[in-house]
Amino acid sequence: MGEVLLEDLTKDFGEVIAVKEVNLTIHDGEFVVLLGPSGCGKTTTLRMIAGLEEITSGRILLDGRVLNDVHPRDRDIAMVFQNYALYPHMSVYKNMAFGLKMRRVAKDEIDRRVKSAAGILGIETLLGRYPGKLSGGQRQRVALGRAIVRDPRVFLFDEPLSNLDAKLRVQTRVEILKLHQHLAATSVYVTHDQVEAMTMGDRIVVMHEGVIQQVGPPMEIYQSPANHFVAGFIGSPSMNFLSATVRAEDGRTFLEGGGFRVPLPAERAGGLEGRENGEVVFGIRPEDMRLDAEGEIEGTVEIIEPVGSDIFLDLSVGGASLTVRVEPSVRMSQGERVRLHPDPARVHAFDPETGETLI
Ligand code: ATP
């Protein structure tokens, strides 16, 4: 088992409230990603679960047992660090065996576990080497191995891929997922990389300034963000945001601003009721618009970015900038005037003050 419960978890460092009243249940066997920009409190949350950071208030439970005062060594939780934290003067074998030795596990059991983990990770031939003689990817695997041998109920990962180059990062991401499927242990994974979060998480927990903004499966968060912050943080290129005024005419509702007038289907307009002539933030993702001579958004092409599978056009719309994804076959030139039709089902609107999602 490995169910982790965070109850009103709070951490302050004097003036700075790093984590504020976080409530979260991480189910047994689940892969949960804590995602947010630098300084949002994700690492502090992870370190509190590991027992490396004292809790200011609230509780952490693992399978019903309160962990607050349990020594990190006795938590049945293993952490994989960003910088690998390997002992340079010990061989790979000894690095992997060290934690078990400290726990006085029998020698032959240690040997069995180290060799089994090395087999899973494909590093059997490296066991005699020292960390200084390993590549970044190999060191990362040793760090994973050191966690695996402990056979913990919960794995904690603190940005484990950020020191790897782009290609190795994608490869190791897949390996960690396979490992997770194989071991079926609960995993909590911290990253600021939204692609990592989208591709790895059963659920994503988006944090901002110490506060959970939204918890849900990746596609749910992508398609139905709880607020302006989440909408802007998830997705690359990011969702477009334009200042708009809500207009109601002949029983229809429109979002109107410089260079656009977007009608909303009746079933979606409810969220804007009572806001006629008020300001909102109109949000639309680059892939949720298409080129259309009759389109409701008009702009001028400023930059053309072909990325192979797609082309991204940066447009100027009423003085604001807007990115649209188009097919790679589309031929465009700078300065061209274009019209876009947004998918009405994918139009978002946010409260300009609170950031809350309206539609
Ligand atoms: P990063 O990705 O940069 O590590 P993060 O989301 O993991 O960011 P935390 O490291 O959890 O964020 O930090 C949250 C807040 O707490 C930040 O404002 C940070 O400056 C502050 N903080 C973290 N550790 C300490 C500390 N030991 N003393 C004082 N303030 C700290």
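These notes cover the structure that comes with them.

Definitions and cut-offs
Residues numbered from 1 in each chain as written. Predicted model: local features only at pLDDT ≥ 70, side-chain atom pairs only at ≥ 80, totals over all residues. Heavy atoms only, no water. Helix = DSSP H or I, 4+ residues; strand = E, 2+ residues; numbered from the N terminus. Near = heavy atom within 4 Å. Polar contact = N/O pair within 3.5 Å; in protein donor to acceptor, adjacent residues only side chain to side chain. Pairing = 2+ DSSP bridges. Contact = heavy atoms within 4.5 Å. Axes fitted to C-alpha atoms, helices over the stretch in contact; angles between N-to-C directions.

With that settled, the discussion passes to unusual backbone geometry. Pro237 follows Ser236 through a cis peptide bond whose omega is -5 degrees. On the secondary structure map, Pro237 appears in the loop between helix H8 (228-233) and strand E11 (240-249). Residues other than glycine seldom take positive phi values, yet Ala184 does so here, at roughly 55 degrees. Counting through the fold element by element, Ala184 comes out in the loop between helix H5 (166-183) and strand E8 (186-191).

Time to look at the site of the ligand. Close to the ligand lie Phe13, Val16, Ala18, Pro37, Ser38, Gly39, Cys40, Gly41, Lys42, Thr43, Thr44 and Glu159, which account for all nearby residues. Backbone polar atom of Gly41 to an oxygen atom of the ligand: 3.0 Å apart, as the coordinates give it. Counting only elements with at least two residues in the shell around the ligand, the list comes to strand E2 (16-26) and helix H1 (42-50). Broken down by element, the shell around the ligand gets its largest block of residues, three residues, from H1.

A word on the sheet that holds strand E5 (residues 65-66). Sheet architecture is open: four strands sit in the order E2-E1-E4-E5, paired in antiparallel fashion. Each of the sheet's edge strands pairs with one partner strand only, and the pair in question is E2 and E5. The pairing of strand E4 (residues 57-62) with E5 spans two bridges and is antiparallel. When the bridges of E5 are listed, Leu61 appears paired with Val66. Against the sheet, H1 engages strand E1 (4-13), E2 and E4, with an angle of about 115 degrees to E1.

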